[in-house]
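Take a look at the letters that make up each chain.
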Number of protein chains: 4
Amino acid sequence: MGHQFLQGKRVLVTHADGDVLARHGATVAANTDPLTDTEAAAAVVSAADHIDVLVANLAYAAPTTLAKDVADDEWDAVFAALVHPLPRLFRAVLPAMIDRRAGKILVMGSAAALRGMKRASTYSAARGAQLAYVQSVGTEVAPHNVQVNAIAQNFVDNPTYFPPAVQANPAFQERLKREVPLGRLVSAEEDAEFAAYLCSDAANCFVGQVFPVCGGWVAR
Amino acid sequence: MGHQFLQGKRVLVTHADGDVLARHGATVAANTDPLTDTEAAAAVVSAADHIDVLVANLAYAAPTTLAKDVADDEWDAVFAALVHPLPRLFRAVLPAMIDRRAGKILVMGSAAALRGMKRASTYSAARGAQLAYVQSVGTEVAPHNVQVNAIAQNFVDNPTYFPPAVQANPAFQERLKREVPLGRLVSAEEDAEFAAYLCSDAANCFVGQVFPVCGGWVAR
Amino acid sequence: MGHQFLQGKRVLVTHADGDVLARHGATVAANTDPLTDTEAAAAVVSAADHIDVLVANLAYAAPTTLAKDVADDEWDAVFAALVHPLPRLFRAVLPAMIDRRAGKILVMGSAAALRGMKRASTYSAARGAQLAYVQSVGTEVAPHNVQVNAIAQNFVDNPTYFPPAVQANPAFQERLKREVPLGRLVSAEEDAEFAAYLCSDAANCFVGQVFPVCGGWVAR
Amino acid sequence: MGHQFLQGKRVLVTHADGDVLARHGATVAANTDPLTDTEAAAAVVSAADHIDVLVANLAYAAPTTLAKDVADDEWDAVFAALVHPLPRLFRAVLPAMIDRRAGKILVMGSAAALRGMKRASTYSAARGAQLAYVQSVGTEVAPHNVQVNAIAQNFVDNPTYFPPAVQANPAFQERLKREVPLGRLVSAEEDAEFAAYLCSDAANCFVGQVFPVCGGWVAR
């Protein structure tokens, strides 16, 4: 794996900027359009033209509703944002990848699907759908030399989930030290570097796997 | 744990008969109505009156579409059957359980969410949502003395998934011996007995857990 | 599964009393001899004569040494108590079980092998050996109709690990509520009931599996 | 993460050559001495002087004895080679790492500890001890800015485990396609590249984690 280990790769990133990928030599098509519309995924993929790697990042601020109070509209909105775009993105990119026997998809998922958290039932369910989907598709398309994997994030420094005011709170820092073995947030840079690694040819050996990036909050 | 270890328990079972539960002394309200309608869950729960235990069994014949060919209608139908009824069932039963500080929910899930399988992406995703949901709600309501857990089934003898003609096929038996450590299907009786155990007071110590019942196909 | 669901079973239990098993109808041979001597396992099994079920419970007070300070004698003592007796017990009971195509082994292991804990490196390593051993042997002997599984305990009420003075400490109760979803210790009775279930014929479908009994501290 | 992302790092590798690490800029002290002698670990570490990263690779040809036939000498030899050197290596390197608040240990473990395999009980047990040990120590030393993780390998191209004659066998290739989602062996290069990544500063966010490198044979 050399300096520009994504050199020559065309990467489509949804809902994120892709700066770290570009730094490693990738040509990045970053798209921040909402993907909730049923035709949006196909349009984004079509606009990006040839795609070697898809980084499927779907973000949504996690509701904190108690399970007994979750209404259908919360549930539907979260699944519309985090889950239903996935098969649309996949069917838009997979045929070309399978045809040319080369391609990679990395889903930026959440460790909330791997360990129970209070007041996170809707979000966890949606994230659980993502990871199980990746395991299944990853197994299915591996023989075509297409690699599908996921990162399962939690406690990653991100202004949406952990705004500066929260991070400045000593109680929050105390909680991090108590609950997260790493004792601090994972930096956005560390997260992006690992994603870049998984997008490179060096990572051709991984298929259908889920990689926690959550400061040791889950061990695997 | 005695003979009639569900004696005095009122159990609501969806999409299944509940015979084994009744044999252990439970009063069983079995409901086979479809639960895809948004009001159906509340109606079923309301009709059942007092519920000590909910066995949330949601069944759907798993499509075998390749991921690249999955259309929105398949995805929507599977999620409508397996996923979206869950929060509706839960919000219908949880408040009373929390109020009386006693109650149990067992979700009959699938091990397809725990290990990748080809041509099962839609189904696996839906099952993954279920298990992650259970982990989260199980953690949340445990302090109220309400226990929420899931069984993750696969290779359980069931005429929907493994009809007699399939089972009679020597190639299928060969595959079972090769892929499933148990070397045979789990019987419906074994599955139901374990579910009954998890519904009993003896199992009050389990919260937010997922129990594979799949002949050792996954170890945990 | 009826009242006396271990009726007619001869069960050998090491390092525990087996009262709950007896209550379910089993004939229990409980042995509290140390098993560190290389010949001890064979002698205990031989003395017990016919054994339908072996409950391999090996206990040792977990050292709390920092990893950087662990000396060989701690390591050797813990492995001598928890690990090395296992293959001796197994080779003493397995041939007869395989010959008669019936038998069960349940290893009482620890969830310390499933999730990292500070100051528990020696103990966790030994417990990790147990669980991986069970997974492997369970897969190997399943075709002979012999079922080998493990319980992975933590936060189970036990005077060795949680003496009354510890339990009376409000800080300990606070820690339980914070770290263990169940919010209390699992009772010894709950743990023993589940072990009894896994020793019964109803549990013939489980092979090579690990069942956490730790108040939801790990989900699976 | 740049070209020479291990530039300036002094890495001690046991039982392997470390070529890939050197290519990324590391100064590599590779040691192929047996580590079964109780003093060997300390001597190797002492000879290497300052160590930024320890790659603890302990290899042993896996016995294929049936569990019922495993004798104490097999068990002892495997644990002497794979398990008991670990705490000796760790206590030799950890104090300096903790003192300077910087350091990394990567244990090259096996996925045999994560999923049951026939005729591999001794080996799996030893590998299980390694992974649980890593999880525990990783959690313990993380607050000192020392990162301890493991790779869990299986189906990696290695002349010890998969000699050319085996690989040339069509039945073996058939088995790979059936059992391993990747459909081929992971190359030694891919394995080493990932290890190099985990040894770099980019991977400071991982603590107490286990990363399967086994062609998707386990998903996480």
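Above this text sits the structure in question.
These figures come from a predicted structure and were not determined experimentally.

Another aspect to go through is the overall build of chain A. Across its full length, chain A holds eight helices and six strands. The linear arrangement of helices and strands in chain A, starting from the amino end, is β-α-β-α-β-α-α-β-α-β-α-α-α-β. Taking 17 Å as the expected radius of gyration for a compact globule of 220 residues, we find that chain A reaches 17 Å, a close match to that expectation. For chain A, the C-alpha atoms occupy an extent of roughly 50 × 40 × 30 Å along the three principal directions. Here the analysis covers contacts within chain A between residues at least 6 apart in sequence; of these, 69% occur between residues at least 24 apart. Of the charged side chains in chain A, 18 are positive and 22 negative; the average position of the first set lies 7 Å away from that of the second.

A word on the interface of chain A and chain B. In this assembly, 40 residues from chain A lie in contact with 40 residues from chain B. Summing the contributions of chain A and of chain B, the shared interface buries around 3,200 Å²; its carbon and sulfur component is 59%. Contact with chain B buries area across many residues of chain A, yet Lys68, Trp75 and Glu140 of chain A alone supply 19% of it, more than any other trio. For the pair chain A and chain B, the interface holds four salt bridges. Between Asp72 of chain B and Arg88 of chain A there is a salt bridge; the shortest N-O distance is 3.1 Å. The tally of links between chain A and chain B comes to 18 residue pairs in polar contact (both at pLDDT 80 or more). Per-class residue counts for the side of chain A that touches chain B are 21 nonpolar, ten polar and nine charged.

In this section: the relation of the copies chain A and chain B. Rotating chain A by 180 degrees and moving it 0.0 Å along the rotation axis overlays it on chain B with an RMSD of 0.0 Å. The two molecules are tied by a two-fold rotation axis, judged by turn and shift. Interface overlap between copies is the fraction of interface residues in one copy that are interface residues in the other; for chain A against chain B it reaches 100%, indicating a shared surface.

Residues and elements named next belong to chain D. Spatial ordering of the open sheet is given by 2-1-3-4-5-6, a layout of six strands whose pairing is parallel. The open sheet is flanked by strand 2 (27-31) and strand 6 (210-213), the only strands paired with a single partner. Strand-to-strand twist in this sheet, taken as the mean axis angle between neighbours without regard to direction, amounts to 20 degrees. Direction of pairing for strand 1 (residues 10-14) relative to strand 3 (residues 53-57): parallel, over a ladder of three bridges. Considered in strand 3, the bridge of Val13 is made with Val55. Together, strand 4 (103-110), strand 5 (146-153) and strand 6 form the strand contacts of helix 5 (residues 121-141), whose direction differs from that of strand 4 by roughly 160 degrees.

With that settled, the discussion passes to unusual backbone geometry. Phi angles above zero are rare outside glycine, and His15 of chain B is one such case at about 55 degrees. Residue placement: His15 of chain B occurs in the loop between strand 1 (10-14) and helix 1 (19-23). Overall, the relative accessible area of 24% leaves His15 of chain B in the partly exposed class. Even without being glycine, Asp49 of chain C reaches a positive phi, approximately 65 degrees. For Asp49 of chain C, a relative accessible area of 58% translates into the label exposed.

Turning next to the sheet that holds strand 1 of chain B. All names here are of chain B. Across the sheet, which stays open at both edges, the six strands sit in the order 2-1-3-4-5-6 with parallel pairing between neighbours. Here the strands that pair on one side only, and so sit at the sheet edges, are strand 2 (27-31) and strand 6 (210-213). Neighbouring strand axes in the sheet, compared pairwise and without regard to direction, differ in orientation by 20 degrees on average. Bridging between strand 1 and strand 2 involves five bridges; their strand directions are parallel. Looking at strand 2, one finds that Val13 is bridged to Ala30. Strand contacts of helix 8 (residues 188-199): strand 3 (53-57), strand 4 (103-110), strand 5 (146-153) and strand 6, with the helix running at about 150 degrees to strand 4, the strand carrying the most contacts.

Let us look at the packing of aromatic side chains. A complete count under the given rule lists 54 aromatic pairs over all chains for this structure. Seen in terms of ring centroids, Phe194 of chain D and Phe211 of chain D are 5.7 Å apart; in terms of plane orientation they differ by 75 degrees. Their pairing is edge-to-face. Of this pair, Phe194 of chain D sits in helix 8 (residues 188-199) while Phe211 of chain D sits in strand 6; the two residues are 17 residues apart in sequence, bridging distant segments of the chain. When its relative accessible area of 0% is taken as the criterion, Phe194 of chain D is described as buried. Of the residues examined, Phe211 of chain D reaches a relative accessible area of 1% and is grouped as buried. Through successive ring pairs, a cluster of aromatic residues spans Trp75, Phe79, Phe90 and Tyr133 of chain A together with Trp75, Phe79, Phe90 and Tyr133 of chain B.

Residue and element names in this part refer to chain A. The set of residues buried in helix 2 (residues 40-48) consists of Ala40, Ala41, Val44, Val45 and Ala48. Seen from one end, helix 2 has its buried residues packed into an arc of 130 degrees, which puts them on one side. When the buried face of helix 2 is taken as reference, the exposed residues oriented beyond 90 degrees from it are Ser46 and Ala47. Of the residues flanking the end of helix 2, it is Asp49, one or two places downstream, whose phi is positive at about 65 degrees.

The next thing to look at is the packing of helix 3 (residues 72-82) of chain B against helix 5 (residues 121-141) of chain B. All names here are of chain B. The N-to-C vectors of helix 3 and helix 5 enclose an angle of 30 degrees; their axes lie 9 Å apart at closest approach. Relative to helix 5, the element helix 3 lies roughly parallel. The interaxial crossing formed by helix 3 with helix 5 has right-handed handedness. Contact residues: helix 3 offers Glu74, Trp75, Val78, Phe79 and Leu82, while helix 5 offers Ser121, Thr122, Tyr123, Ala125, Ala126, Arg127 and Gln130. Considering only residue class, the contact of helix 3 with helix 5 consists of seven nonpolar, three polar and two charged.

So, on to the side chain of Arg88 of chain D. Assignment of secondary structure puts Arg88 of chain D in helix 4 (residues 85-99). Judged by its relative accessible area of 8%, Arg88 of chain D falls in the buried class. Among the polar contacts listed, one links the side chain of Arg88 of chain D to the side chain of Asp72 of chain C, at a separation of 3.1 Å. With residues up to four places along the chain from it excluded, the contact list for Arg88 of chain D reads Asp72 of chain C together with Leu35, Thr36, Asp37, Thr38 and Ala41 of chain D.

Moving on, we get to the nonpolar core. Of all hydrophobic cores here, the largest spans 336 residues; its most connected members are Phe194 of chain A, Phe194 of chain B, Phe194 of chain C together with Phe194 of chain D. For Phe194 of chain D, the residues in contact, after removing those within four places along its chain, are Phe194, Tyr197, Phe206 and Phe211 of chain A together with Ile151, Phe211 and Val213 of chain D.

Residues and elements named next belong to chain C. Tracing the sequence through the fold places Ser110 in strand 4 (residues 103-110). At 2.9 Å, the side chain of Ser110 forms a polar contact with the backbone nitrogen of Ala112. If we skip the residues at most four places from it in the chain, Ser110 touches Tyr123, Arg127, Leu131, Ile151, Ala152 and Gln153.

Moving on: the pattern of salt bridges. Overall, the coordinates contain 32 salt bridges over all chains when judged by the stated rule. As a salt-bridge pair, Asp69 of chain B and Lys68 of chain B come within 3.2 Å of each other at their nearest N and O atoms. Classification of Asp69 of chain B as partly exposed rests on a relative accessible area of 42%. The class for Lys68 of chain B is partly exposed, based on a relative accessible area of 29%. Residue Glu193 of chain C is joined to Arg23 of chain C by a salt bridge in which the shortest nitrogen-to-oxygen separation is 3.4 Å. Taken together, the positions of Glu193 of chain C in helix 8 (residues 188-199) and Arg23 of chain C in helix 1 (residues 19-23) put the pair 170 residues apart, joining distant regions of the chain. With relative accessibility at 3%, the residue Glu193 of chain C sits in the buried group. Each member of the salt-bridge network shares a partner with another, and the members are Arg23, Glu189 and Glu193 of chain A.

Let us now look at the environment of Ala22 of chain C. Tracing the backbone through its elements, the reader meets Ala22 of chain C in helix 1. C-alpha of Ala22 of chain C to C-alpha of Ala196 of chain C: the two residues are 174 residues apart in sequence and 9.3 Å apart in space.

In this section: the pairing of strand 4 of chain D. All names here are of chain D. Judged by how many residues are buried, strand 4 sits mostly within the fold: eight of eight residues are covered. Side chains Gly103, Ile105, Val107 and Gly109 of strand 4 all project onto a buried face; the interleaved residues Lys104, Leu106, Met108 and Ser110 project onto the opposite face, where all are buried too. Note: strand 4 against strand 5, eight bridges, orientation parallel. Along strand 5, the bridge assignment pairs Gly103 with Val146. Traced from strand 4 through helix 5 to strand 5, the parallel crossover comes out right-handed.

Parameters at a glance
Residues numbered from 1 in each chain as written. Chains lettered and ligands numbered in written order. Predicted model: local features only at pLDDT ≥ 70, side-chain atom pairs only at ≥ 80, totals over all residues. Heavy atoms only, no water. Helix = DSSP H or I, 4+ residues; strand = E, 2+ residues; numbered from the N terminus. Rg over C-alpha atoms; globule rule 2.2 N^0.38 Å. Contact = heavy atoms within 4.5 Å. Lys, Arg positive; Asp, Glu negative; His and termini not counted. Charge placed at Lys NZ, Arg CZ, Asp CG, Glu CD. Buried area = accessible area lost by both parts, 1.4 Å probe. Salt bridge = Lys/Arg side-chain N within 4 Å of Asp/Glu carboxyl O. Polar contact = N/O pair within 3.5 Å; in protein donor to acceptor, adjacent residues only side chain to side chain. Nonpolar A, V, L, I, M, F, W, Y, C, P; charged D, E, K, R; others polar. Least-squares fit on C-alpha atoms with pLDDT ≥ 70 in both. Pairing = 2+ DSSP bridges. Axes fitted to C-alpha atoms, helices over the stretch in contact; angles between N-to-C directions. Buried < 20%, exposed > 50% of the residue type's maximum accessible area, 1.4 Å probe, protein only. Phe/Tyr/Trp six-rings, centres within 6.5 Å; stacked < 30°, edge-to-face > 60°. Arc of directions from axis to C-beta. Parallel < 35°, antiparallel > 145°, perpendicular 65-115°, else oblique. Left-handed = near helix turned anticlockwise from the far one by under 90°. Core = buried A, V, L, I, M, F, W, Y, C linked by side-chain atoms within 4.5 Å. Right-handed = clockwise from strand over helix to strand, strands pointing away.

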